[in-house]
Amino acid sequence: RRRRWSCVVQWMESTVALQVTVAGARRLTPTDMNGLSDPYAVVKVAGQQFTTQVQYKTLDPTWAARASFEVDTALFRTNKFLEVQVWGYKSVYFDHFHGSVKVPASTLLKPPVSSSREAPPWWRLA
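Worth saying up front: this structure is predicted, and the values here are computed from it rather than measured.

Undergrad: How do you make sense of the overall build of the protein when you look at a structure like this?
TA: Helix and strand counts for the protein come out as zero helices and eight strands. The order of α-helices and β-strands along the protein, N terminus first, is β-β-β-β-β-β-β-β. Considering only contacts in the protein between residues 6 or more positions apart, those separated by 24 or more positions represent 58%. With an accessible surface of roughly 7,600 Å², the protein has 52% of that area assigned to carbon and sulfur atoms.

Written as structure tokens, this is what we have:
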């Protein structure tokens, strides 16, 4: 199970606009009786949260969802994380947890992928 996303950081005064793109996931575990899942992703950073739309009946969702978080520049000098959680939507009972990945905020300052030959990283869910 892997998750693809990328970050772009734009510097402002004491805060930055952290832009996160949740591209998709692949090879998720089936959670529905039809052998598929209805996955969505939740991105959490600095007390803020963004939720993608549900992709129905798939184990390989493509969200291409973008979010912008305004965070203090001190975040990148701490041991805090950006967390991405993947869930399977259930209309009746509780949503099913597929997994999550925590990325240290200090690693988010790398430049964005600009070459079409260089793909964004995939992160393994735990």
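Undergrad: Which parts of the structure should I look at to understand the confidence of the model for the protein?
TA: Parts of the model with low pLDDT should not have their predicted coordinates read in detail. Confidence along the protein averages 84 in pLDDT terms, with 81% of residues attaining 70 or more. The spread of mean pLDDT over the elements of the protein runs between strand 1 (residues 2–11), the lowest at 60, and strand 4 (residues 48–51), the highest at 97.

Undergrad: Sorry if this is basic, but what is going on with the packing of aromatic side chains here?
TA: The description of two aromatic rings rests on the distance between their centres and on the angle between their planes. Taken as a whole, this structure holds two aromatic pairs when the rule is applied. A centroid spacing of 6.5 Å and a plane angle of 90° characterise the contact between Tyr 56 and Tyr 89, whose relative ring orientation is edge-to-face. Of this pair, Tyr 56 sits in the loop between strand 4 and strand 5 (62–72) while Tyr 89 sits in the loop between strand 6 (81–88) and strand 7 (96–104), placing them 33 residues apart in sequence. Here Tyr 56 falls in the exposed class, since its relative accessible area comes to 55%.

Undergrad: I tried to follow a nonpolar patch on the surface on my own but got confused; where do I start?
TA: Together, Val 92, Tyr 93 and Phe 94 give the surface a local cluster of nonpolar side chains, amounting to about 480 Å² of exposed area. Relative to the helices and strands, Phe 94 resides in the loop between strand 6 and strand 7.

Undergrad: What is the right way to look at the environment of Val 71 in this model?
TA: Inspection of the secondary structure puts Val 71 in strand 5. With 25 residues separating them along the chain, Val 71 and Ala 46 place their C-alpha atoms 6.6 Å apart. With sequence-adjacent residues up to four places away left out, Val 71 is seen in contact with Ser 14, Thr 15, Val 16, Leu 18, Ala 46, Gln 48 and Phe 76.

What counts as what
- Throughout, residues of each chain are indexed from 1 in the direction in which the sequence is written.
- Local features are withheld for residues below a pLDDT of 70 in this predicted model, meaning they are given only at 70 or higher, and side-chain atom pairs are given and counted only at 80 or more; totals for whole chains, interfaces and linings count all residues.
- For side-chain calculations, the full set of non-hydrogen atoms in the structure is used, while hydrogens and water are omitted.
- Numbering goes from the N terminus for both helices and strands, where a helix is a DSSP run of H or I of at least four residues and a strand is a run of E of at least two.
- The contact criterion used is simple: two residues touch if any of their non-hydrogen atoms lie within 4.5 Å.
- The accessible surface values rely on the Shrake-Rupley method and a 1.4 Å probe; as for residues, cover is taken only from the protein chains in view.
- Per residue, pLDDT captures the predictor's confidence, and it can take any value from 0 to 100.
- Pairing of aromatic rings covers Phe, Tyr and Trp, the last through its six-membered ring, and needs centres within 6.5 Å; plane angles under 30 degrees mean stacked, over 60 mean edge-to-face, and all others mean tilted.
- Think of it in three bands: residues with accessible area under 20% of the maximum for their type are buried, residues over 50% are exposed, and the middle band is partly exposed, with areas taken using a 1.4 Å probe on protein chains only.
- Any residue with relative accessible area above 30% and no salt bridge may belong to a patch, with like charges joined within 9 Å and the nonpolar Val, Leu, Ile, Met, Phe, Trp and Tyr side chains within 5 Å.
- One speaks of a salt bridge when a side-chain nitrogen belonging to Lys or Arg is within 4 Å of a carboxyl oxygen belonging to Asp or Glu.

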